[in-house]
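One-letter residues, chain by chain:
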Amino acid sequence: MERIRPTKHADFIVRHAAPFNGGPPLAALVDSPITPEELFYVRNHAPVPEIDATAFRLSVGGLVERSLELSLDDLKREFEFRRVEATLQCAGNRRDELIAVREIPGEVPWGAEAIGNARWGGVALRDVLAAAGVSDDAKHAAFVGRDRAQKGSQTFPFGGSIPIEKANDSDVLLAYEMNGKPLPATHGYPLRVVVPGYIGARSVKWVSEIRVQATPSDNYYQRKSYKLFPPTVSAETVDWDHGLMLGEVGPTAVLCRIDGGVPAKAGPVGLAGYAMGAGGTEVDGVEVSIDGGAIWHPAKLGSGEHGTWYLWRIVVELTAGEHEIIVRVHGSGSHQPDHAATGWNFKGYMNTAWHRTLLQVDSRT
Ligand SMILES: Nc1nc2c(c(=O)[nH]1)N[C@H]1C(S)=C(S)[C@@H](COP(=O)(O)O)O[C@H]1N2
Ligand SMILES: [Mo]
């Protein structure tokens with residue numbers, strides 16, 4: 001296994017050993033609104049590349065007035081430092097609930113732990129694009145990483161793109177810091193893209209090339225993978241030219257911790273979790289039902305902002321027996337299906353369904 005585990009929490013859940021993919025135990029994830037590095041999930045499609053930061057160059061080209069070659073020092077010296085708090089969430093987060101509906105072979109079987117919120121530091125992508133001078137016919141900013149993924153006999157870097165309007169948002173970063181420290185190797189050292197409100201796949205790690213272009217990236221992970229298909233489409237019948245290219249994250253709310261553990265004891269029980277609005281928009285409220293959806297109770301929301309998650313808490317009064325706890329979110333455009341089956345797709349992306357947990361409650365004696 002790669003040497004990633006040592007920087008991670010002892011109870012990190014390894015979902016795939018090589019390349020390393022894993023995330024934190026859910027109860028620990030909601031201990032603090034800023035996710036410490038040791039609890040931040042890792043989604044890698046290839047081994048972590050070894051990069052000499054002093055020799056590292058970022059190239060910016062395509063539909064620009066002047067191409068740029070920037071060292072890390074150039075980036076730090078020539079552009080204003082910016083700090084942005086942003087939540088990254090893998091499009092495959094909560095895939096396990098889709099797998100419970102119907103099997104999804106060949107994809108990482110994530111629970112709800114493929115999400116984390118950090119303070120990222122670096123420079124605004126738009127400042128770098130402005131220095132290059134973006135042409136009027138530019139429609140997308142495409143990113144290329146330095147890792148080498150393998151599909152069959154082909155080896156190629158991870159890549160992806162975002163629309164140029166999004167690239168010009170001041171909170172889209174070329175980040176070299178995570179929670180006030182240099183970006184760890186696993187998370188993209190020395191430089192990564194951070195695109196708040198978009199699926200994690202667009203936040204390309206180890207980014208070494210930015211190309212401004214008229215079309216989306218033709219990288220495998222933009223053109224084929226990370227597309228949403230209807231439930232009737234399978235790996236055998238898929239036409240990769242169709243399907244919806246994923247960009248903004250869907251709305252979500254998840255129960256992560258039951259105070260005192262399971263089975264719970266009858267009486268007042270504290271519940272805690274996270275929520276995020278569609279495309280990273282603000283969360284207005286989180287509602288919890290302890291009776292399978294008949295009555296909804298408003299949870300207490302922690303602070304959050306555009307591009308971040310919101311942690312929530314509630315104390316519910318539980319009687320002995322089996323309860324279905326359901327959690328859902330309120331926010332602009334944050335419509336969620338009531339069951340995961342509605343959104344099933346053969347790649348297992350964007351499960352935005354109400355989060356359901358069967359909970360056994362024992363009497364107090
Ligand atoms: N170069 C590169 N960038 C990448 C990936 C990758 O495999 N290679 N994985 C992407 C995916 S799918 C996600 S969800 C996020 C995960 O970021 P993290 O590992 O820092 O949590 O990185 C994205 N950027
Ligand atoms: Mo992802």
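Preceding this paragraph is the structure being described.
To start, this report covers the structure provided alongside it. (Residues numbered from 1 in each chain as written. Chains lettered and ligands numbered in written order. Predicted model: local features only at pLDDT ≥ 70, side-chain atom pairs only at ≥ 80, totals over all residues. Heavy atoms only, no water.)

**Let's talk about the site of ligand 1**
Piece 1. The environment of ligand 1 is made up of 18 residues, and the closest members are Tyr41, Asp147, His187, Arg192 and Lys205.
Piece 2. Between Asp147 and ligand 1, the recorded distance is 2.6 Å, taken from a side-chain N or O atom to a nitrogen atom.
Piece 3. Between ligand 1 and Arg192, the relevant distance is 2.7 Å, taken from an oxygen atom to a side-chain nitrogen or oxygen of the residue.
Piece 4. Isolated, ligand 1 exposes 530 Å² of accessible area, and the fraction of that covered by the protein chains is 100%. (Near = heavy atom within 4 Å. Polar contact = N/O pair within 3.5 Å; in protein donor to acceptor, adjacent residues only side chain to side chain. Areas by Shrake-Rupley, 256 points an atom, 1.4 Å probe, with all protein chains shown as cover.)

**What to know about the pattern of salt bridges**
Piece 1. Applying the stated criterion to the full structure yields 14 salt bridges.
Piece 2. Notably, a salt bridge pairs Lys8 with Glu37, separated by 3.1 Å at the nearest N-O pair. Pair noted here: Lys8 is in the segment before β1 (13-16) and Glu37 is in the loop between α1 (26-29) and β3 (42-43), with a separation of 29 residues, a long-range link.
Piece 3. Looking at Glu37, the relative accessible area reads 23%, which means it is partly exposed.
Piece 4. Several salt bridges share partner residues, and in doing so they unite Asp31, Arg257, Asp259 and Arg313 into one network. (Salt bridge = Lys/Arg side-chain N within 4 Å of Asp/Glu carboxyl O. Helix = DSSP H or I, 4+ residues; strand = E, 2+ residues; numbered from the N terminus. Buried < 20%, exposed > 50% of the residue type's maximum accessible area, 1.4 Å probe, protein only.)

**With respect to the state of the cysteines**
In a disulfide, the sulfur atoms of two cysteines are covalently bonded to one another.
Piece 1. Summed over all chains, the structure comprises zero disulfides.
Piece 2. In this structure Cys256 is a free cysteine whose sulfur lies 16 Å from that of Cys90, the closest cysteine sulfur available. (Disulfide = S-S within 2.5 Å.)

**Considering the sheet that holds strand β8 (residues 140-145)**
Piece 1. In space, the five strands of this open sheet follow the order β5-β4-β15-β8-β11, with mixed pairing throughout. Two strands lie at the open edges of the sheet, namely β5 (68-70) and β11 (159-163), each paired on one side alone. Ignoring which end each strand starts from, the neighbouring axes of this sheet average 15° apart.
Piece 2. Inspection of the sheet shows β8 paired to β11 by five bridges, in the antiparallel sense. If you follow Phe143 over to β11, its bridge partner there is Gly160.
Piece 3. Packed onto the sheet, helix α4 (residues 125-132) meets β4 (58-62), β5, β8, β11 and β15 (207-213) and runs at close to 135° relative to β5. (Pairing = 2+ DSSP bridges. Axes fitted to C-alpha atoms, helices over the stretch in contact; angles between N-to-C directions. Contact = heavy atoms within 4.5 Å.)

Function cannot be read off these values alone, since they describe shape.
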